[in-house]
Number of protein chains: 4
Amino acid sequence: MSDSIKSKQNQYVLTLSCPDKPGIVSAISTGLFEAQANIVESQQHDALSGYFFMRVVFTLESDKKNYQWLYSRLEAIAAQFKMTWFLHDRERKKRVLLMVSRFDHCLVDLLYRWRIGELAIEPSAIVANYPYEDYGHIDMQDVPFYYLPILKDTKREQETKLWDIIKETRTELVVLARYMQILSPEMVKKLAGQCINIHHSFLPGFKGAKAYHQAYERGVKLIGATAHYVTEDLDEGPIIEQDVERVSHNDTPHDLIRKGRDIERRVLAKAVRYHIEDRVLLNGHKTVVFSD
Amino acid sequence: MSDSIKSKQNQYVLTLSCPDKPGIVSAISTGLFEAQANIVESQQHDALSGYFFMRVVFTLESDKKNYQWLYSRLEAIAAQFKMTWFLHDRERKKRVLLMVSRFDHCLVDLLYRWRIGELAIEPSAIVANYPYEDYGHIDMQDVPFYYLPILKDTKREQETKLWDIIKETRTELVVLARYMQILSPEMVKKLAGQCINIHHSFLPGFKGAKAYHQAYERGVKLIGATAHYVTEDLDEGPIIEQDVERVSHNDTPHDLIRKGRDIERRVLAKAVRYHIEDRVLLNGHKTVVFSD
Amino acid sequence: MSDSIKSKQNQYVLTLSCPDKPGIVSAISTGLFEAQANIVESQQHDALSGYFFMRVVFTLESDKKNYQWLYSRLEAIAAQFKMTWFLHDRERKKRVLLMVSRFDHCLVDLLYRWRIGELAIEPSAIVANYPYEDYGHIDMQDVPFYYLPILKDTKREQETKLWDIIKETRTELVVLARYMQILSPEMVKKLAGQCINIHHSFLPGFKGAKAYHQAYERGVKLIGATAHYVTEDLDEGPIIEQDVERVSHNDTPHDLIRKGRDIERRVLAKAVRYHIEDRVLLNGHKTVVFSD
Amino acid sequence: MSDSIKSKQNQYVLTLSCPDKPGIVSAISTGLFEAQANIVESQQHDALSGYFFMRVVFTLESDKKNYQWLYSRLEAIAAQFKMTWFLHDRERKKRVLLMVSRFDHCLVDLLYRWRIGELAIEPSAIVANYPYEDYGHIDMQDVPFYYLPILKDTKREQETKLWDIIKETRTELVVLARYMQILSPEMVKKLAGQCINIHHSFLPGFKGAKAYHQAYERGVKLIGATAHYVTEDLDEGPIIEQDVERVSHNDTPHDLIRKGRDIERRVLAKAVRYHIEDRVLLNGHKTVVFSD
């Protein structure tokens, strides 16, 4: 069952990956059963590479002893199977920092989804390279706003400030919601697996800037958008979600941009939701997405 | 070419319908040529019923004499072919009244598209059956807001007020942006062809209220939304636009509602855009939509 | 991993459903582990109704003792949790009887997918109410063909013959591949959960015959097709798969039929594949489809 | 109205392109009116480049004098506006040569659509680089089959044979229906605008061979297919049609190939239909597709 309807109280998500081997599911499910946990959702994936991926949602009565017993048990299982694993309390919302440039349709969309309770995040900050006034129509509630204009000379300095903000706000995920500046390789490394970008094309087609103009020039019959984790290789990071819409010879670059806005905001919103619900596991430079 | 890129100055849209007969296109295009108009876009449709539909966008230098000459010529052509026709100045934006109830995702979406210049409307008023405070997060700019709560006894009275607002604000299109009250047959008649509703199902399936719950009960594998002109027959009006998304056994009614929000707002936005760009012609209880 | 790439040798599918309760996954996965089975794929679903559904694909070395031990263990677990369960050997292909009337696009499509190894079925027979000559262009290989013309008087008699064919050919699934005759309630009851129909509309809209003409009359902007299990209530059976395509005012009923053919054949092919891979579990009048 | 329902008798398609200028539509439609032709369908496109494109379907009573009068008139108009133009009699079906390699799903699909009257072509020949026996299950009716195996040394020689076949069979369109050999630049030049290929990816992503394996490696969430005119630049020709389907981490390269088959055949069938109905006009290295 999708989790949106149930209270998240006493709900936990366990995600893990390890070399494939018999007995993993038995070990995990028996451990959970003995801790008196009840499995609500479970998905697994055997990759061709011989790696095993799993996501389990379970409820556990709020009894500290139980939780500690389970935690120790999971540690033992993880050691036995050489697992990378994470245990998330679903009541605790992830702290998400949103970055934006001139086009704010993705920012507005994410904030709206958060406001109506669709997106269970805790916005930690909004960072823009345009001044606050440019976003005057947006109700940011109590989310702190930072204006970090980027000039050639100040780029390094501003990134230091950005890192300070990330640290101070205890940010767990950075979302580049049509943020048009390129982060430095150092910053990207520090944010590995914790920074999602929305690229305005159906990757691997049309990398870099002016993707809609490239699409117009090539005369494609569908345009798309791609949400991916940011890596040092620009537009080459692990893809989380993609979608497309039909276009025709009638569509000018301006029309492609308009149609693109709709694709971008829904693709980014899905990717962010998948991430914060711990549905995305990294498999090298690809992703395993346990979508609902 | 789509119109979004070109200035609308000196641009006109001619829409017409009449019994099919040779010579219509020749008469219209020659009339336009002689008036020194330049055709920018032209679409036509021969219905199986023997009716002919046409939409022509053209530019005309801002010379009053030319315009009047053309207008007289079109009157003569229209009389000859028994046409129903309209001539719209594209610089003049249509005045649109937005009605909303508890769920404001369509309202927020339409206002955002208007703000960034995507939707060339002039919002004339916002009418809600919930108080202003409920929409506090929305930047309505200078658009007047009217709170018209509906109780059994006050329904008639409130409709009189609504009609007054429509008249006073010189509204040309009423959009029921998830407005959950049913308009009276009298009101519907007065707004024929000028009132668009968004229904939260893929009509003709799941009419009436609680459409997502009906879809859940039936176990469909796709859910949808339908934008249509409002008629006396509830959920039976001419359909302007529809779209769907995939769902599965995992989706609870709550999930269907979430997915539905995304479909509703994009379907309604498309329908409103088609209408204000004079792309929708009525063909009995169906529509001809000259989409771009 | 999808099963298409791996040899099906020594592979089994276990499907089960029971009232939800802690310990199910633990019992099953531990049973499999102790039998030295290796889980290849596993999906589960907690329905809002409190029912639990599961599909597990596993490999088991071809050792009779192992298999018998596992079978007994599963019997014990099933008794404990009040499970409905099935164990399928994936090497054994399901015997499928295909029924067709005048339009053979679905039949041709299913046979082609079978020929190239995409659809792992064993066609047991082809039954038509049109003579063999009408399908002369189809290479049926060694699949026996039966011509059962239906007249008012002979309907009962022909159904008896049909039932005999089903029995004699040890048919496990009947596919109505655009078979336009209605089966009797008795026949439908005997084939419960083992008879798939393709309906030429997006149900619940446009039930009965002439669905595309109904869609044309209503002026919908998308048309669809629905694959479902046949039940006594015509066009009300549990839905397995649906899909749609965009249409416009330009499309005549004839165009809708043409577009519909493409939807019908891909929807039916998917539904048949899901069924024969034991991906479809019945949940009352709905389905749980563990799609890949 | 789509043309599929009407008899094509006495129907003609006029396609033209020229520099944009006032008066084109008036000249054409008046010429047609005076020839007592009746316009059935008309579409036009003003490209940003300042070029104008038009497709007009009209009926003309079968009177030789009328036709010759119209033809002369069109010649005069074409000279005045510097048009490139073509006039096609819709009763005369285009002669189409189908080329295939090992995978015959597109060939089978095109032949089926032809057989049931959906695709109004006249298959002139089938050319394969595998022997006839490999396609034994296909009912080719009277269409001549040529086996032209390609070896390094024989490539030049075989292309000469191919060209002879094209000439002898009076072929007007060559369809590479998953033909996996690369035509020489000379051949491509001779077939400019008359040779359609289906590429098994969503171009411009994943050019060249093994496109599905590339897609698998990159971890995209949608795969696609592209039908395009063949040019010297491999996979860079003008795109006629594209489509996509959703894939996930569960899909192996084998699954992508399976899903791809469905996309390829429907994309290629659409592109061929658009071409033979004279719906595709070349605009430099892009296309104008007047789809129905």
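Residues numbered from 1 in each chain as written. Chains lettered and ligands numbered in written order. Predicted model: local features only at pLDDT ≥ 70, side-chain atom pairs only at ≥ 80, totals over all residues. Heavy atoms only, no water.

Asks: Any chance you could explain the pairing of strand β10 (residues 222-229) of chain D here in plain terms?
Replies: Note on strand geometry: in a regular strand, side chains alternate between the two faces of the sheet. Residue and element names in this part refer to chain D. The buried count for β10 comes to eight of eight residues, which makes it a mostly enclosed element. Pairing analysis gives four bridges linking strand β9 (residues 195-199) to β10, with the strands arranged antiparallel. Bridge pairing in β10 links I196 to Y229. In the sheet, β10 pairs with strand β11 (residues 239-246) via seven bridges, with the strands oriented antiparallel. Bridge pairing in β11 places A225 opposite D243. (Buried < 20%, exposed > 50% of the residue type's maximum accessible area, 1.4 Å probe, protein only. Helix = DSSP H or I, 4+ residues; strand = E, 2+ residues; numbered from the N terminus. Pairing = 2+ DSSP bridges.)

Asks: Sorry if this is basic, but what is going on with unusual backbone geometry here?
Replies: When glycine is set aside, most residues are seen to have a negative phi, and most peptide bonds are trans. Residue and element names in this part refer to chain B. The omega torsion of the bond from L203 to P204 falls at 10 degrees, within 30 degrees of zero and hence cis. Positionally, P204 belongs in the loop between β9 (195-199) and α6 (211-218). For Q141, which is not glycine, the phi torsion reads 50 degrees and is therefore positive. Among the secondary structure elements, Q141 is positioned in the loop between β6 (121-128) and β7 (145-147). Unusually for a residue other than glycine, R178 sits at a positive phi of about 65 degrees. Structurally, the position occupied by R178 is in the loop between β8 (173-176) and α5 (185-190).

Asks: I tried to follow the interface of chain A and chain B on my own but got confused; where do I start?
Replies: Think of interface size as the accessible area that goes away when the parts come together; that is how it is often given. Between chain A and chain B, the contact holds 26 residues from the first and 26 residues from the second. Three residues, Y112, H137 and R258 of chain A, lead the burial of chain A against chain B; their summed loss comes to 22% of the area buried on that side. Salt-bridge contacts for R265 of chain A lead to D109 of chain B; the nearest nitrogen and oxygen are separated by 2.7 Å. Scanning the region where chain A abuts chain B turns up 14 residue pairs in polar contact (both at pLDDT 80 or more). (Contact = heavy atoms within 4.5 Å. Buried area = accessible area lost by both parts, 1.4 Å probe. Salt bridge = Lys/Arg side-chain N within 4 Å of Asp/Glu carboxyl O. Polar contact = N/O pair within 3.5 Å; in protein donor to acceptor, adjacent residues only side chain to side chain.)

Asks: Sorry, what's going on with the UniProt feature "active site" (unreviewed entry) in chain A here?
Replies: As recorded in UniProt, the sites labelled "active site" (unreviewed entry) are D235 of chain A. Mapping D235 of chain A onto the fold places it in the loop between β10 (222-229) and β11 (239-246). Beyond its immediate chain neighbours, meaning those up to four positions away, D235 of chain A contacts H199, L203, K207, G208 and H228 of chain A together with R218 of chain D. (UniProt positions renumbered as here; feature names shortened; annotations may be inferred.)

Asks: Where do I start with the interface of chain A and chain D in this structure?
Replies: At the interface, 34 residues of chain A touch 34 residues of chain D. Surface buried jointly by chain A and chain D totals about 3000 Å² across both partners, of which 55% is contributed by carbon and sulfur atoms. Counting the contacts that link chain A with chain D gives six salt bridges. The residue D243 of chain A makes a salt bridge to R246 of chain D at a minimum N-O spacing of 4.0 Å. For the interface between chain A and chain D, the tally reads 20 residue pairs in polar contact (both at pLDDT 80 or more). For the side of chain A that touches chain D, the secondary-structure elements that each account for two or more residues are α6 (211-218), β11 and β13 (286-289) of chain A. No other element matches the seven residues that β11 of chain A contributes to the side of chain A that touches chain D.

Asks: What am I meant to see in the sheet that holds β9 of chain D here?
Replies: Sheets are built from strands paired through backbone hydrogen bonds, the pairs being either parallel or antiparallel. All names here are of chain D. The mixed open sheet is built from seven strands, whose spatial order is β7-β6-β5-β8-β9-β10-β11. This sheet does not close on itself; its edge strands, each paired only once, are β7 (145-147) and β11. Sheet twist, expressed as the average angle between the axes of neighbouring strands with direction ignored, equals 20 degrees. (Axes fitted to C-alpha atoms, helices over the stretch in contact; angles between N-to-C directions.)

Asks: Just checking my understanding: could you explain the relation of the copies chain A and chain B for this structure?
Replies: Between the two copies of this chain, the relationship is a rotation about some axis together with a displacement along it. Mapping chain A onto chain B leaves a residual RMSD of 0.0 Å; the transformation is a rotation of 180 degrees accompanied by 0.0 Å of translation along its axis. Both copies are brought into coincidence by an operation consistent with a two-fold rotation axis. A share of 100% of the interface residues of chain A reappears at the interface of chain B, consistent with the copies meeting face to face through the same patch. (Least-squares fit on C-alpha atoms with pLDDT ≥ 70 in both.)

Asks: It is not clear to me how the packing of aromatic side chains should be interpreted in this structure. Could you clarify?
Replies: Remark: the centre distance and the inter-plane angle together describe each pair of aromatic rings, the angle taken between the planes. A complete count under the given rule lists 30 aromatic pairs over all chains for this structure. Centre to centre, the rings of Y132 of chain B and F145 of chain B are 5.1 Å apart; their planes meet at 70 degrees, and the pair counts as edge-to-face. Here Y132 of chain B is found in the loop between β6 and β7, whereas its partner F145 of chain B is found in strand β7, with 13 residues between them in sequence. Taken together, the aromatic side chains of Y12, F58, Y67, Y71 and W85 of chain A make up a single cluster linked through ring pairs. One residue, K190 of chain B, lies across the ring of W163 of chain B, its end atom 4.2 Å from the ring centre. Lying across the ring of Y216 of chain A, K286 of chain D places its NZ or CZ 3.5 Å from the centre. (Phe/Tyr/Trp six-rings, centres within 6.5 Å; stacked < 30°, edge-to-face > 60°. Lys NZ or Arg CZ within 6 Å of the ring centre and 35° of its normal.)

Asks: What's the story with the sheet that holds strand β11 (residues 239-246) of chain C in this structure? I'm lost.
Replies: Residues and elements named next belong to chain C. If you walk across this open sheet you meet the seven strands as β7-β6-β5-β8-β9-β10-β11, and the pairing is mixed. The open sheet has two free edges, formed respectively by β7 (145-147) and β11, since each of these has just one partner strand. Neighbour-to-neighbour, the strand axes of the sheet open up by a mean angle of 20 degrees, direction not taken into account. Helix α7 (residues 253-276) rests against β5 (94-100), β6 (121-128), β8 (173-176), β9 (195-199), β10 (222-229) and β11 of the sheet, and its axis sits at about 155 degrees to β11.

Asks: What's the story with the domain arrangement of chain A in this structure? I'm lost.
Replies: Residues and elements named next belong to chain A. As far as domains go, chain A holds domain 1 (9-89) and domain 2 (94-289). Spacing between the C-alpha centres of domain 1 and domain 2 amounts to 31 Å. In this assembly, domain 1 packs against domain 2 so that about 710 Å² is buried in total across both faces, 57% of it on carbon and sulfur atoms. The largest share of the area that domain 1 buries against domain 2 comes from F53, R55 and H88, three residues that together contribute 58% of it. Scanning the region where domain 1 abuts domain 2 turns up one salt bridge. Scanning the region where domain 1 abuts domain 2 turns up three residue pairs in polar contact (both at pLDDT 80 or more). If you list the elements that add at least two residues to the side of domain 1 that touches domain 2, you get β1 (11-19), β2 (38-46) and β3 (51-59). The residue inventory of the side of domain 1 that touches domain 2, partitioned by class, reads five nonpolar, five polar and two charged. (Domains from an automatic or database assignment. Nonpolar A, V, L, I, M, F, W, Y, C, P; charged D, E, K, R; others polar.)

Asks: Got a minute to help me understand the side chain of D278 of chain A in this structure?
Replies: Residues and elements named next belong to chain A. In this fold, D278 is placed in the loop between α7 (253-276) and β12 (280-283). The exposure class assigned to D278 is buried, which follows from its relative accessible area of 9%. Apart from the residues lying within four places of it in its own chain, the contact partners of D278 are V13, T15, R55, H88 and K94.

Asks: What am I meant to see in the environment of L110 of chain C here?
Replies: Residue and element names in this part refer to chain C. By the secondary structure assignment, L110 is in helix α3 (residues 105-115). For the pair L110 and Y51, spaced 59 residues apart in sequence, the C-alpha separation works out to 33 Å. Excluding residues that lie within four positions of it along the chain, L110 makes contacts with L98, L119, V175, A177, L268, A269 and V272.

Asks: Would you mind showing me how to read the side chain of N66 of chain C here?
Replies: Residues and elements named next belong to chain C. Structurally, the position occupied by N66 is in helix α2 (residues 64-81). Engagement of the side chain of N66 in a polar contact is seen with the backbone oxygen of A35, the distance being 3.4 Å. Discounting residues that sit within four places of it in the chain, N66 has contacts with A35, Q36 and L60.

Asks: Please clarify how the packing of helix α3 (residues 105-115) of chain D against helix α7 (residues 253-276) of chain D should be interpreted in this entry.
Replies: A packed helix pair is summarised by two numbers, namely the angle formed by the two axes and the spacing between the axes. Residue and element names in this part refer to chain D. Relative orientation of the contacting elements α3 and α7 amounts to 45 degrees, with a least axis distance of 9 Å. It follows that α3 is oblique to α7 by the angle criterion. Seen from above, α3 lies across α7 with right-handed handedness. Here H105, C106, D109, L110 and R113 of α3 come into contact with α7, specifically with R261, E264, R265, R266, L268, A269 and V272. In the contact of α3 with α7, the residues fall into five nonpolar, one polar and six charged. (Parallel < 35°, antiparallel > 145°, perpendicular 65-115°, else oblique. Left-handed = near helix turned anticlockwise from the far one by under 90°.)

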